[in-house]
2 protein chains.
Amino acid sequence: MSVPGEIVLHVGPARAAWWQRRLSELLPGTPVRLWDAVPDPAAVTAAVVWKHPPGGLRRFPALRVIVSIGAGVDHVLADPDLPPGVPLLRITGEDLTQRMTEYVVWQVLALHRRGWELAAARAAREWRQIVTPVAGRRGVGIMGLGRLGGAAARALAGLGFRVHGWARTPRDIPGVTCHAGAGELDAFLAAAEILVCLLPLTPATEGILNLDLFARLPRGAALVNAARGGHLVEEDLIPALDQGLLCRAVLDVARIEPLPTDHPFWADPRIDITPHVASLIDPDTGARLIAENLRRFFAGEKLSDLIDPARGY
Amino acid sequence: MSVPGEIVLHVGPARAAWWQRRLSELLPGTPVRLWDAVPDPAAVTAAVVWKHPPGGLRRFPALRVIVSIGAGVDHVLADPDLPPGVPLLRITGEDLTQRMTEYVVWQVLALHRRGWELAAARAAREWRQIVTPVAGRRGVGIMGLGRLGGAAARALAGLGFRVHGWARTPRDIPGVTCHAGAGELDAFLAAAEILVCLLPLTPATEGILNLDLFARLPRGAALVNAARGGHLVEEDLIPALDQGLLCRAVLDVARIEPLPTDHPFWADPRIDITPHVASLIDPDTGARLIAENLRRFFAGEKLSDLIDPARGY
């Protein structure tokens, strides 16, 4: 299969050649150009991007579609000078959802079973038992009940946790107590001994994880942020740990990635850091999903991964 | 409620007074005696024990039932001089099953996502991404498909893993490929990239986790032993890691517990050790289950936790 015109690609330098080759294989006949090597900007009809330079997409007068490499599109919408009216697609699908569910269930179980205390005892060569409540007595709160949050909530409920969910609009997920909107946020937070952020990053959710919110959780709650670094007011995290509002945080994302080597989070043993791997799609699967989305877009077929620019997700 | 006669209790010294008081509350009117303070051995009708001294139960001529504090009864059956014909009960129930499922799912996810590499990178303050296959491409093998193994297998299948199970006799668990008996062990092992032992400890399973078995797993497999220390030939583990047959082991149990401070496992960073907490029932729940089992036993009601001494579980 092929698509009309040419594709321009923006992705980190380590992976650019791989993506160029793979998309060319998947869309034979369609030239795939690297960002800085586009012979004819007017021939470009599709852009496949991860964190492209702001304003850069205005170079392509015939651009008909933008595809985000990833489930989040905040890195695209962060560009204040996007070409107006060009549809934006993301990668979703079973694979990303499955990976995120694995990560969230893993981290929630580790926090629930106080894995960090067991790890410290093992490192000190100490045999020190800890009794924890069963999952049915542990409240877990999932912020964001889209594809990723909904799947994680269902998986945790299936394992017996007392799961609460929070989203902008009302949802109905069997086994999950769903709360909606600002008016029900306090009730949600009060139940979340382990809080998991899987919200999209939008102007409404930027900085939502802050000292004020942490103070409304059960005292000594644990935090997992597997969404975007922009959700967390980073200056508030260590104070929240110091004040005992939180006992522990697991961050898969940061405002600046990779997390700078002098960032205070690295020095704090109460903060676990994973390098944005919660739902790291393998490139081959990602490339196949993108090629299929481009084919469907240009064929005028139905697309489930189209972004609503007004909502931002 | 009460039971006829008196109860003798053998449990670690740190918890003996607690158990004595709690069982007395739950079975008002029934004296509960500590092991070394039984005024009238002939009055004892029930023994509630964890690792009692061999032969010690012969002191009680009127003993009608023995209750194991725990799901495993190997610590009782290890006594070569048990009073003959006295029924043996164990603790099971939802609570122990739930805890074991949590532990197994947690450890399997951590191994699947290569958590030890992420932890090492975090400790070194390095942002180092790892792509792992999705659960649907990961084979997990569960040895033992009783209450604990069956529940763990179902939970892992529910999360999308390719789950294989092995038991002495044929089983049928939806979503799980079940293998039975010695003749199907090789096929089971060949599929187990992550091998979880949840077998009962019997003469037939003692030492089953050995170098010969590890060599039949996919090369570089990971091991979780959440059953009994006696399942593992401890001398074989470090050679199996050195030879690359295994990449990693998680042990919740050991031949001698607590694991002696000079045991070579402590010094090996490829071996994770948790202090027999996989399914550590909280004492209150355990005491309630034991009191209920005793009441049912003396009332002649049906018991699901009765041990078949010929099988050993």
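Criteria and cut-off values
Residues numbered from 1 in each chain as written. Chains lettered and ligands numbered in written order. Predicted model: local features only at pLDDT ≥ 70, side-chain atom pairs only at ≥ 80, totals over all residues. Heavy atoms only, no water. Helix = DSSP H or I, 4+ residues; strand = E, 2+ residues; numbered from the N terminus. Buried < 20%, exposed > 50% of the residue type's maximum accessible area, 1.4 Å probe, protein only. Contact = heavy atoms within 4.5 Å. Pairing = 2+ DSSP bridges. Axes fitted to C-alpha atoms, helices over the stretch in contact; angles between N-to-C directions. Domains from an automatic or database assignment. Buried area = accessible area lost by both parts, 1.4 Å probe. Salt bridge = Lys/Arg side-chain N within 4 Å of Asp/Glu carboxyl O. Phe/Tyr/Trp six-rings, centres within 6.5 Å; stacked < 30°, edge-to-face > 60°. Lys NZ or Arg CZ within 6 Å of the ring centre and 35° of its normal. 1 Å grid on protein atoms, 1.4 Å probe; cavity = no way out; pocket = protein on both sides within 12 Å on 5 of 7 lines; lining within 4 Å. Points joined across faces, edges and corners; volume = space filled by probe spheres on them. Nonpolar A, V, L, I, M, F, W, Y, C, P; charged D, E, K, R; others polar. Polar contact = N/O pair within 3.5 Å; in protein donor to acceptor, adjacent residues only side chain to side chain.

Mind laying out the side chain of R22 of chain B, listing which residues take part and the relevant values?
Residues and elements named next belong to chain B. In this fold, R22 is placed in helix α1 (residues 13-26). Overall, the relative accessible area of 15% leaves R22 in the buried class. Those residues in contact with R22 that lie beyond four places of it in its chain are D284, A287 and R288.

With reference to specific residues and values, describe the sheet that holds strand β7 (residues 162-167) of chain A.
Residues and elements named next belong to chain A. On the basis of which strands lie adjacent, the open sheet formed by seven strands has the order β8-β7-β6-β9-β10-β11-β12 and parallel pairing. At either end of the open sheet lies a strand with only one pairing partner, and these are β8 (176-180) and β12 (271-273). For this sheet, the mean inter-axis angle between neighbouring strands, taken without regard to orientation, is 15°. In terms of strand pairing, strand β11 (residues 246-251) meets β12 through three bridges, oriented parallel.

Residues and numbers for the sheet that holds strand β12 (residues 271-273) of chain B, please.
Residues and elements named next belong to chain B. Across the sheet, seven strands lie side by side as β8-β7-β6-β9-β10-β11-β12; this open sheet has parallel pairing. On the outer flanks of this sheet lie β8 (176-180) and β12, each paired with one strand and no other. Put simply, the sheet's adjacent strands are angled 15° from each other on average, direction ignored. Alignment of strand β9 (residues 194-197) against strand β10 (residues 221-225), held across four bridges, turns out to be parallel. Following the sheet pairing, L195 is matched in β10 by L223. On top of the sheet, helix α3 (residues 94-112) reaches β6 (139-143), β9, β10 and β11 (246-251); it is set at about 160° to β9, its chief contact. Each of β6, β7 (162-167) and β8 is contacted by helix α5 (residues 147-158), which is oriented at about 165° to β6, the strand it contacts most.

If you had to explain unusual backbone geometry to someone new, which residues and values would you point to?
Trans is the common state for peptide bonds, and a negative phi is the common state for residues other than glycine. Residue and element names in this part refer to chain A. Each neighbour pair has its own omega, and for E257 with P258 the value is -10°, a cis peptide bond. In this fold, P258 is placed in the loop between β11 and β12. Positive phi, normally seen in glycine, also occurs at R125, with a value near 55°. Tracing the chain through its elements places R125 in the loop between α4 (115-123) and β6 (139-143).

Quick rundown of the domain arrangement of chain A? Include the residues and the values.
All names here are of chain A. Domain boundaries in chain A define domain 1 (6-91 + 281-298) and domain 2 (94-273). At the junction of the two partners, domain 1 supplies nine residues and domain 2 supplies six residues. Summing both partners gives a buried area of about 680 Å² for domain 1 against domain 2, and 53% of it is carried by carbon and sulfur. The interface formed by domain 1 and domain 2 contains two salt bridges. For the salt bridge of D74 with R228, the shortest nitrogen-to-oxygen distance reads 2.7 Å.

I'd like a description of the packing of aromatic side chains, backed by residues and values.
Residues and elements named next belong to chain A. Taken as a whole and judged by the stated rule, the model has eight aromatic pairs over all chains. Pairing W18 with W19 gives two aromatic rings, centres 5.6 Å apart and planes at 85°, and the pair type is edge-to-face. Overall, the relative accessible area of 25% leaves W18 in the partly exposed class. For W19, a relative accessible area of 3% gives the class buried. On the numbers, 5.9 Å between centres and 85° between planes, the contact of Y103 with W106 is edge-to-face. Taken together, the positions of Y103 and W106, both in helix α3 (residues 94-112) and three residues apart, correspond to about one turn of that helix. Cation over ring: R59 sits above W35, and NZ or CZ is 5.0 Å from the ring centre.

Talk me through empty space enclosed by the protein; I want residue IDs and the actual numbers.
Unfilled space is identified by rolling a water-sized probe across the atoms. By the definition in use, this model includes three cavities of 30 Å³ or more. Reported here for the largest cavity is a volume of approximately 60 Å³. Along the walls of the largest cavity sit R99, V277 and L280 of chain A together with R113, L118, I130, V131 and T132 of chain B, which together make up its complete lining. The residue makeup of the lining of the largest cavity, split by class, is five nonpolar, one polar and two charged.

Which residues make up the interface of chain A and chain B, and what are the values?
Contacts between chain A and chain B engage 50 residues on the former and 50 residues on the latter. Each partner contributes to the roughly 4,400 Å² buried at the junction of chain A and chain B, and carbon and sulfur atoms together form 62% of this total. Summed over the shared surface of chain A and chain B, the result is two salt bridges. Between R113 of chain B and E102 of chain A there is a salt bridge, and its shortest N-O distance comes to 3.1 Å. On inspection of chain A and its partner chain B, the count reaches 28 residue pairs in polar contact (both at pLDDT 80 or more).

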